[in-house]
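# Architecture at a glance
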Amino acid sequence: QVQLVESGGGLVQAGGSLRLSCAASGSTFSVFDMGWYREAPGKQRELVAAISSGGSTNYADSVKDRFSISRDNAKNTVYLQMNSLKPEDTAVYYCKMWTRLRFYWGQGTQVTVSS
């Protein structure tokens, strides 16, 4: 079965940067679309960025030009580079994989941006 393991979250000052990683196991990673979502306390989970198996990307308007999603198929890993972080970026960030029959979620990693 598919397992997604996320890392890279933490505490950072406003204006700083973090890089999140999501490593996949038990799947043919390269053929699947991947994405990052986030969920702030009391708010709905929202799509942050996505990358297709072919490398096409899209971003939420709130993070466009600040965040960048990428993938390394040789390492079965997807990344989210987050620059110019703002306090409103504070949330739990989740990795998601879309497979042929269903989707999978990672466990989430906390990102906290201080003022």
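In this report, we go over the structure that sits alongside the text. (Residues numbered from 1 in each chain as written. Predicted model: local features only at pLDDT ≥ 70, side-chain atom pairs only at ≥ 80, totals over all residues. Heavy atoms only, no water.)

Attention shifts here to the pattern of salt bridges. Within this structure, the stated rule accounts for 4 salt bridges. Taking the shortest distance from any N to any O, the salt bridge between Glu46 and Arg38 comes out at 2.8 Å. In this structure Arg38 comes out as buried when scored by relative accessible area, which is 7%. Here Asp89 and Arg66 are joined by a salt bridge, their closest N and O atoms 2.8 Å apart. Placement of the pair is Asp89 in the loop between strand S8 (77-82) and strand S9 (91-98) and Arg66 in the loop between strand S6 (57-59) and strand S7 (67-72), with a sequence separation of 23 residues. When its relative accessible area of 1% is taken as the criterion, Asp89 is described as buried. Overall, Arg66 belongs to the buried group, its relative accessible area being 12%. Put simply, Arg38, Glu46, Arg66 and Asp89 are held in one network by salt bridges that share partners. (Salt bridge = Lys/Arg side-chain N within 4 Å of Asp/Glu carboxyl O. Buried < 20%, exposed > 50% of the residue type's maximum accessible area, 1.4 Å probe, protein only. Helix = DSSP H or I, 4+ residues; strand = E, 2+ residues; numbered from the N terminus.)

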